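# Chain and residue survey
Each chain, written out:
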Amino acid sequence: MLCLGIESTAHTFGVGIVSDTGEVLANVKKMYQPKVGGIHPKEAAQHHIDNSPYIIRDALDVAKVKISDIDLFCFSQGPGIPNCLRIGAVVARTLALKHEKPLLGINHCISHIEIGKEKTGAEDPVTLYVSGGNTQVIAFTGGKYRCFGETMDTAIGNAIDQFGREIGLVHPGGPKVEKLAKDGKWVNMPYTVKGMDLSFSGILSEAKRKFKDGVSKEDLCFSFQEVAFAMLVEVTERAVAHTGKEEVLLTGGVAANKRLQEMLEIMCKERGAKFYTVPFDLAGDNGAMIAWNGVLAHKAGEKHEIAETKINQKWRTDQVDVSWL
Ligand code: AMP
Ligand code: MG
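Because the structure is predicted, anything quoted here is derived from the model rather than measured. (Residues numbered from 1 in each chain as written. Chains lettered and ligands numbered in written order. Predicted model: local features only at pLDDT ≥ 70, side-chain atom pairs only at ≥ 80, totals over all residues. Heavy atoms only, no water.)

Looking only at helices and strands, the chain has nine helices and 12 strands in total. Here the C-alpha radius of gyration of the chain, 19 Å, is about what a compact globule of 325 residues would show, namely 20 Å. Based on the C-alpha atoms only, the size of the chain along its principal axes is roughly 60 × 45 × 30 Å. Burial status across the chain gives 54% buried among its 325 residues. Sequence separation of 24 or more characterises 75% of the internal contacts of the chain that already satisfy a separation of 6 or more. Of the roughly 13700 Å² of accessible surface on the chain, a fraction of 52% belongs to carbon and sulfur atoms. Side chains of the chain give 38 positive and 40 negative charges; the mean places of these two sets differ by 4 Å. (Helix = DSSP H or I, 4+ residues; strand = E, 2+ residues; numbered from the N terminus. Rg over C-alpha atoms; globule rule 2.2 N^0.38 Å. Buried < 20%, exposed > 50% of the residue type's maximum accessible area, 1.4 Å probe, protein only. Contact = heavy atoms within 4.5 Å. Areas by Shrake-Rupley, 256 points an atom, 1.4 Å probe, with all protein chains shown as cover. Lys, Arg positive; Asp, Glu negative; His and termini not counted. Charge placed at Lys NZ, Arg CZ, Asp CG, Glu CD.)

By definition of the ideal shapes, a tetrahedral metal site with four donors has angles of 109.5 degrees and an octahedral site with six donors has angles of 90 or 180 degrees. Protein coordination of the magnesium ion (ligand 2) is provided by His108 (NE2), His112 (NE2), Tyr129 (OH) and Asp285 (OD), with donor distances spanning 2.2 to 2.7 Å. Donor residues for the magnesium ion (ligand 2), ordered by position in the chain, follow H-x3-H-x16-Y-x155-D. Of the two residues, His112 is situated in helix H3 (residues 108–120) and Tyr129 in strand S6 (residues 126–130); the sequence distance between them amounts to 17 residues. (Donors = N, O, S within 2.8 Å, 3.2 Å for Na, K, Ca; no water.)

Moving on, we come to the side chain of Glu206. Within the secondary structure, Glu206 is located in helix H6 (residues 201–212). With near-sequence residues (within four places) excluded, Glu206 lies in contact with Asn188, Met189 and Pro190.

An ideal rise of 1.5 Å per residue puts 39 Å on 27 residues; helix H7 (residues 217–243) measures up with 39 Å between its terminal C-alpha atoms. Just downstream of H7, Gly244 is the residue with a positive phi angle, here 70°. (Expected span 1.5 Å × (residues − 1).)

Of all five residues that make up strand S11 (residues 247–251), five are buried, and the element is covered over most of its length. Burial along S11 is two-sided: the face carrying Glu247, Leu249 and Thr251 and the face carrying Val248 and Leu250 are both buried. Looking at chain direction, S6 and S11 are connected through four bridges and run parallel. In the strand pairing of S11, Leu128 is matched with Leu250. By the bridge criterion, four bridges tie S11 to strand S12 (residues 274–277) in an arrangement that is parallel. From the neighbouring strand, Val248 faces S12, where its bridge partner is Phe275. (Pairing = 2+ DSSP bridges.)

Okay, the domain arrangement of the chain next. Looking at the assigned domains, one finds that the chain contains domain 1 (2–112 + 283–319) and domain 2 (124–279). Area buried by domain 1 at its contact with domain 2 is led by His112, Ala283 and Thr317, which between them contribute 35% of it. Taken together, the connections running from domain 1 to domain 2 amount to one salt bridge. For Arg316, the salt bridge is made with Glu150, and the minimal N-O distance between the two is 3.0 Å. (Domains from an automatic or database assignment. Buried area = accessible area lost by both parts, 1.4 Å probe. Salt bridge = Lys/Arg side-chain N within 4 Å of Asp/Glu carboxyl O.)

Okay, the packing of aromatic side chains next. Evaluation of the coordinates by the stated rule reveals two aromatic pairs. Here Phe140 and Tyr145 contribute two aromatic rings whose centre-to-centre distance is 5.2 Å and whose plane-to-plane angle is 70°, an arrangement assigned as edge-to-face. The residues Phe140 and Tyr145 share a single accessibility class, namely buried. Geometrically, the ring pair formed by Phe163 and Phe224 is stacked, given 4.9 Å between the ring centres and 15° between the ring planes. Linking Phe163 in helix H4 (residues 156–166) with Phe224 in helix H7, this pair joins segments that are 61 residues apart in sequence. In terms of burial, Phe163 and Phe224 fall into one category: buried. (Phe/Tyr/Trp six-rings, centres within 6.5 Å; stacked < 30°, edge-to-face > 60°.)

What follows is the structure in structure tokens.
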């Protein structure tokens, strides 16, 4: 069985083709790059409209299959930017109807976890999901993926990108901030963990202020990472302690950061937990994760009528009925 998954929650239009055993036959994606500032919803949607036919074609070519070989079509139903979500939804509905195949709407955040579990071998981890739009500490308990902690304001990826723009880095700032941080030294930054939740607006304002005061980019990048990542590790560690789980999974676009990986690894080692990071090409938003979560839901017997495939921009991780676990 082959599943084609479409991702279009934000900046990325991605198409993945995955087998029912989890083999990724294709994972093609293209990212919208804003000329100035952050993601402009209409521009991002236009990017997805313009690119979707070619990305689907390229994914089929890479997988060496025909569209008629696809048995199941899936798409990111939410959460995300409505203009962007709609493009993936319309494309997926059209393909499913035209080829008379089942269609499933998939929760974007949970698909990041499921592809991570599939590719690392983690079975029942506490997941730190860190991306441009989301920051959540999640674990499966009582039949649902529960959020044990999350950001109260902006996501860590967005905070890093905003800070990056302030110091003149082209979007996305994450990888460039990581590089500059290697040559930086410590300056004070506010550390904001409230209970199990996090806030990145304070550190963002302080980094901007210090930059205006003449503190070097390198020192700011280093200190921003050290403080923000320490906050993430603290909440993840407490979730591990609460749940008694023995694995930690790092996923989402920010999972590419080697320093964050290192800090989590140290915490896990100290607690005797196993640490896993999603493979790099499956870390950021992509269609393969949507396809794989689709396979899981399909095997569990899920079926969605077209009327049930409206986008759900605020679809929370803990609202999803997890039929496959
Ligand atoms: P996603 O939304 O999951 O596609 O992830 C995109 C986010 O990951 C953006 O905010 C990037 O800046 C961030 N990102 C990518 N690579 C890195 C990195 N090496 N360090 C920190 N953030 C990163
Ligand atoms: Mg994401």
